Amino acid sequence: MAEVRLRVVAGIVSAGLTLGVAELLAAFLGAGSAPLDALGSAVVDHTPDGLREWAIATFGTNDKAVLYLIMCVFALVVAGLAGALERGTRTAGSWLFAGFGVIAAGVAMAQTGVGGALPTVIGVAVGIYTLRVLTHRIDRAAEQPSADGQAGAPDSATTSASLHEISQERTEARTEERRPERRQVLQGLLVAGGLAAVTGIGGRLLGLRRRDVSGERAAVRLPEPTAPAAPVAPGADLRIPGLTPYLTSNDDFYRIDTALIVPQVSKDDWSLRIHGMVDREIRLDWADLARRPVEERLITLACVSNPVGGDLIGNARWLGYRLDQLLAEAGPHPDADMVLSHSSDGWTAGTPLAVLTDGRDALLAVGMNGEPLPVQHGYPARLVVPGLYGYVSATKWVTELEVTRFDRATAYWTRRGWSALGPIKTGTRIDTPHGRKRLAPGRIPIAGVAWAQHRGIRAVEVQIDDGPWQQARLSDEQSIDTWRQWVFGWDATAGPHTIRARATDGTGETQTAERRDVIPDGATGYPSVTVSVG
Ligand SMILES: Nc1nc2c(c(=O)[nH]1)N[C@H]1C(S)=C(S)[C@@H](COP(=O)(O)O)O[C@H]1N2
Ligand SMILES: [Mo]
């Protein structure tokens with residue numbers, strides 16, 4: 001029994017060393033080449049939509065940590081099994097290691113090129129070697145006859161002074177015989193385990209340090225906008241307690257992406273290539289951008305996965321370069337209708353070319369609320385397009401704009417069942433009151449935000465229970481590309497009440513009451529809150 005346990009531990013420490021050595025090498029070769037990262041991204045890319053939705057809904061932004069945890073538990077089980085199966089003459093465990101290596105190396109190679117397989121291949125080789133050595137030691141220790149209850153106490157010989165001399169000699173001889181093998185097993189496990197921890201933790205930290213661009217980002221000086229944003233009118237922010245502020249700070253801005261580890265792209269390595277169906281392929285680097293006119297614009301960004309009443313929406317001041325100008329320099333062909341933007345980590349978004357060139361403020365953004373883009377929001381450069389959900393437009397860590405056609409290219413989420421086109425649907429949210437607290441009767445402000453980017457908000461109405469729809473007061477309109485706040489003064493009477501709201505966009509169309517889920521092109525339906533008064 002104890003022997004099986006040792007074998008399981010041997011499998012686990014060997015696997016640990018495999019991953020540790022691979023982490024250490026990946027620190028030098030690049031993030032995506034570590035087998036856990038490569039497999040993790042592959043899992044993210046191939047998770048069925050329903051499961052992914054559930055994971056995001058259940059774990060929120062911890063979904064990635066949970067994925068790592070699940071992978072680690074799975075790895076522990078497989079590694080323990082490999083250890084239990086391995087014998088000097090039987091190499092089933094080694095084959096399990098090799099099988100893992102082939103899969104992980106293949107995935108890493110597919111994601112990061114041939115060199116990406118190296119950490120896994122070397123790691124697995126070290127792991128198999130370790131497993132063989134440890135198994136050999138356990139085999140040898142197991143071959144020794146048992147030491148009659150003295151097994152776990154190698155020092156017992158010295159404490160058995162009262163025993164008959166001969167018996168003592170015998171015991172001593174047996175434990176002496178047994179001790180070196182057993183000690184070798186424990187030493188081997190300890191050394192391999194220690195090395196696994198040192199290489200794994202050290203490699204991970206080293207990798208993060210080597211790639212981390214937050215220091216570089218802090219030193220970036222953004223250009224002064226040649227076309228500054230209009231200052232925010234005092235009336236754009238109603239400043240009502242509990243109401244979302246008009247501008248969202250970088251820290252409060254929602255984050256959505258498929259990146260398991262936030263891509264670290266240095267501005268010095270960064271470039272944007274515009275290619276595909278164009279007259280002239282162009283490539284811009286960070287220094288090229290500095291010579292160009294740069295605009296600052298307020299734009300509200302929203303996620304298609306935002307449920308009714310959800311908070312995957314934010315409004316920021318973006319500094320960036322007009323995409324219509326950049327595209328015009330490349331000269332898109334007349335039969336092109338899509339720009340497939342690629343990020344450094346292989347994610348893609350498909351944006352209608354017509355939207356990018358119709359005069360709206362679609363930007364290659366480098367600044368957010370007066371700072372360089374936060375790393376998790378796309379440093380050094382991303383796209384921001386007013387009026388489209390993020391999944392079809394807002395590519396972070398953007399490196400390529402490929403001019404193409406919708407019938408030739410399919411973007412990341414479209415391949416997974418989401419709509420190819422993603423215009424933002426008119427929506428509104430009730431921020432205050434919320435249902436958690438009992439309200440006192442009397443005058444209560446009902447307030448929230450409403451959005452219909454690039455169409456603007458014309459009206460918001462509020463309904464109490466089954467009463468008539470009543471006009472809310474809107475905040476001043478800053479631009480049709482940002483959300484608007486609204487407030488309605490309610491004379492609350494005692495009892496339970498349901499409050500609903502609905503918005504009408506700048507074209508005069510009121511949002512639909514029909515409740516639909518976020519898949520495939522955004523949720524619909526009126527938001528509602530239930531409160532108790534009195
Ligand atoms: N590289 C990359 N860019 C991306 C994504 C992604 O997964 N990878 N997600 C998009 C989605 S779905 C949204 S809603 C926005 C969110 O941007 P934010 O995280 O800055 O709020 O980024 C978009 N850009
Ligand atoms: Mo999104």
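All values derive from a computational prediction rather than experimental measurement.

A few points about the overall build of the protein
- When helices and strands are tallied, the protein shows 12 helices and 18 strands.
- If you line up the protein on its principal axes, its C-alpha atoms span 105 × 70 × 40 Å.
- Taken across its 534 residues, the protein has 49% of its residues classed as buried.
- Look at the contacts in the protein between residues 6 or more apart in sequence, and 76% of them connect residues 24 or more apart.
- In the form shown here, the protein has an accessible surface area of approximately 24,800 Å², with 58% of it arising from carbon and sulfur atoms.
- Of the side chains in the protein, 53 bear a positive and 58 a negative charge, and the two mean positions are spaced by 2 Å.

Observations concerning the UniProt feature "transmembrane region" (unreviewed entry) in the protein
- The residues that UniProt annotates with the feature "transmembrane region" (unreviewed entry) are residues 65-85, 92-110, 116-134 and 188-207.
- Secondary structure across residues 92-110 divides into 100% helix and 0% strand, with the first and last C-alpha atoms of the span separated by 27 Å.
- As annotated, residues 188-207 comprises 100% helix and 0% strand, and the C-alpha atoms at either end are separated by 27 Å.

Quick notes on the packing of helix α1 (residues 2-29) against helix α4 (residues 63-85)
- Between α1 and α4, whose axes approach to 6 Å, the crossing angle comes to 125 degrees. With respect to α4, the axis of α1 lies oblique. Crossing hand, α1 versus α4: right-handed. Here Arg7, Val8, Gly11, Ile12 and Ala15 of α1 come into contact with α4, specifically with Leu76, Ala79, Gly80, Gly83 and Ala84.
- Across the contact of α1 with α4, the residue classes break down as six nonpolar, three polar and one charged.

A word on the sheet that holds strand β18 (residues 528-533)
- One open sheet accounts for four strands, arranged β14-β13-β17-β18; its pairing is antiparallel. Either end of the sheet is taken by a strand with one partner, and the two such strands are β14 (469-471) and β18. On average, adjacent strands in this sheet sit at an angle of 30 degrees to one another, irrespective of strand direction.
- In terms of strand pairing, strand β13 (residues 457-464) meets strand β17 (residues 495-505) through seven bridges, oriented antiparallel. Each residue of the ladder has a partner; that of Val462, found in β17, is Ala501.

Focus on the nonpolar core
- Membership of the largest hydrophobic core comes to 89 residues, with the highest contact counts inside it found for Leu272, Ile274, Trp318 and Leu364.
- Filtering out sequence-adjacent residues up to four positions away, Ile274 remains in contact with Arg280, Glu281, Ile282, Leu326, Leu327, Ala330, Leu401 and Val403.
- Ranked by size, the runner-up nonpolar core spans 22 residues in total, among them Leu439, Ile457, Ala492 and Val529.

Description of the UniProt feature "domain: Oxidoreductase molybdopterin-binding" (unreviewed entry) in the protein
- Those places that UniProt annotates as "domain: Oxidoreductase molybdopterin-binding" (unreviewed entry) correspond, in this numbering, to residues 261-409.
- Between the first and last C-alpha atoms of residues 261-409 the distance is 26 Å; the span itself is 11% helix and 38% strand.

Here's the deal with the side chain of Gln511
- Secondary-structure assignment places Gln511 in the loop between β17 and β18.
- Residue classification places Gln511 among the buried residues on the basis of a relative accessible area of 7%.
- From its side chain, Gln511 meets the backbone nitrogen of Ala503 in a polar contact 2.9 Å long.
- Of note is the side chain of Gln511, whose polar atom sits 3.3 Å from the backbone oxygen of Gly525.
- Apart from residues no more than four positions distant in its own chain, Gln511 is found in contact with Thr426, Gly427, Thr428, Arg502, Ala503, Gly525 and Tyr526.

How each quantity is defined
Residues numbered from 1 in each chain as written. Chains lettered and ligands numbered in written order. Predicted model: local features only at pLDDT ≥ 70, side-chain atom pairs only at ≥ 80, totals over all residues. Heavy atoms only, no water. Helix = DSSP H or I, 4+ residues; strand = E, 2+ residues; numbered from the N terminus. Buried < 20%, exposed > 50% of the residue type's maximum accessible area, 1.4 Å probe, protein only. Contact = heavy atoms within 4.5 Å. Areas by Shrake-Rupley, 256 points an atom, 1.4 Å probe, with all protein chains shown as cover. Lys, Arg positive; Asp, Glu negative; His and termini not counted. Charge placed at Lys NZ, Arg CZ, Asp CG, Glu CD. UniProt positions renumbered as here; feature names shortened; annotations may be inferred. Axes fitted to C-alpha atoms, helices over the stretch in contact; angles between N-to-C directions. Parallel < 35°, antiparallel > 145°, perpendicular 65-115°, else oblique. Left-handed = near helix turned anticlockwise from the far one by under 90°. Nonpolar A, V, L, I, M, F, W, Y, C, P; charged D, E, K, R; others polar. Pairing = 2+ DSSP bridges. Core = buried A, V, L, I, M, F, W, Y, C linked by side-chain atoms within 4.5 Å. Polar contact = N/O pair within 3.5 Å; in protein donor to acceptor, adjacent residues only side chain to side chain.

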